[in-house]
Structures are given as structure tokens and as C-alpha cells.
Amino acid sequence: VIIRKYIIIIKFLIKSKILNNQKKGYRIVNKTELVAVVAQKAGLTKADSAKAVDAILEAVSETLASNEEVRIAGFGTFSVAHRKATTGRNPRTGEELQIAASNLPKFKPGKTLKDSVNK
């Protein structure tokens, strides 16, 4: 039930100006501005919308940390990409280095988000 509320908020973000490139002039939006838009679009106080944004980010982080995907229809999919261990070189000395395996968060936008950005 709580996740459904958060999905509704994310769908508001898809339709908001934040996720659109405003006439090809790109703008960076920080967390405070995101909270303000969520508050306005969802009819919440800024404190409640801050809790909602924090909860969404925390839920996505925890899910990815447990090596699972987060799929939000129309928005996109958050997943974990696995990098295997490789051998690299120090550019100064030419010495070989072992680069450890790692996991990286990955995002694949959904069709609705792509269409919204390309209007």
C-alpha cells in the first residue's frame, strides 16, 4: 500500500517539468527542489514529501543492496550490474594492477519516461 503511494508520486514526476528537458536547455534539480515538486503535485506538506522521497530512495537502495531489481511501470528499472575482476595498468609506471570485482547500480528508463523527455 505504501509503495503504491510512492509510485503515484513518481508518476507525477514523469509528467512534471523536472523530468523534461526544457527546450533542450538541461537543468540539474537537487533533492530540495524535488521535494518541493512532490509536495505541490501530491498535495502534501514539504515535510511529508521529504519523508516520501527519502523512503523511495531508501527502498530502492535497500532493494539493490539485496541484489534485486526495482521495476516501476512507465518510469524504468533499477538493477545491479556486476563487474568482474580485471587487470589494469598504472599509467605512470606501467605496473599491472588487480581491479576487484564490484557491483554498480544501473537504471534503464521506461518508454513513458523516454517519451516524456523526448517531447
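Anything mentioned here points back to the structure above.
Quick summary incoming for the structure in this document. Here the structure is a predicted model, which is why all the values come from computation and not from measurement.

Another point: the overall build of the protein. A count of helical and extended segments in the protein gives four helices and five strands. Counting across all 119 residues of the protein, residues that qualify as buried make up 23%. Restricting to contacts in the protein with at least 6 residues of sequence separation, those with at least 24 account for 42%. Accessible surface, the protein: about 9000 Å² in total, of which carbon and sulfur atoms supply 56%.

What follows deals with the pattern of salt bridges. The tally for this structure, following the rule as stated, stands at four salt bridges. Notably, a salt bridge pairs Arg71 with Glu69, separated by 2.8 Å at the nearest N-O pair. Look at Arg71 and you get exposed, because its relative accessible area is 63%. What makes Glu69 partly exposed here is its relative accessible area of 42%. The shortest N-O distance in the salt bridge between Lys111 and Asp115 comes to 2.8 Å. Separated by four residues within a single helix, Lys111 and Asp115 lie in helix H4 (residues 111-117), roughly one turn from each other. Note on Lys111: relative accessible area 61%, which makes it exposed. The class of Asp115 is partly exposed, set by a relative accessible area of 39%.

Where helix H2 (residues 31-42) contacts helix H3 (residues 46-65), the axes come no closer than 8 Å and their chain directions differ by 115 degrees. Handedness of the crossing formed by H2 with H3: right-handed. Touching Lys31, Leu34, Val35, Ala36, Val38 and Ala39 of H2 are Lys46, Ser49, Ala50, Val53, Asp54 and Leu57, all from H3. Of the residues assigned to the contact of H2 with H3, the class counts are eight nonpolar, one polar and three charged.

Reading the values: the criteria
- Residues numbered from 1 in each chain as written.
- Predicted model: local features only at pLDDT ≥ 70, side-chain atom pairs only at ≥ 80, totals over all residues.
- Heavy atoms only, no water.
- Helix = DSSP H or I, 4+ residues; strand = E, 2+ residues; numbered from the N terminus.
- Buried < 20%, exposed > 50% of the residue type's maximum accessible area, 1.4 Å probe, protein only.
- Contact = heavy atoms within 4.5 Å.
- Areas by Shrake-Rupley, 256 points an atom, 1.4 Å probe, with all protein chains shown as cover.
- Salt bridge = Lys/Arg side-chain N within 4 Å of Asp/Glu carboxyl O.
- Axes fitted to C-alpha atoms, helices over the stretch in contact; angles between N-to-C directions.
- Left-handed = near helix turned anticlockwise from the far one by under 90°.
- Nonpolar A, V, L, I, M, F, W, Y, C, P; charged D, E, K, R; others polar.

Function cannot be read off these values alone, since they describe shape.
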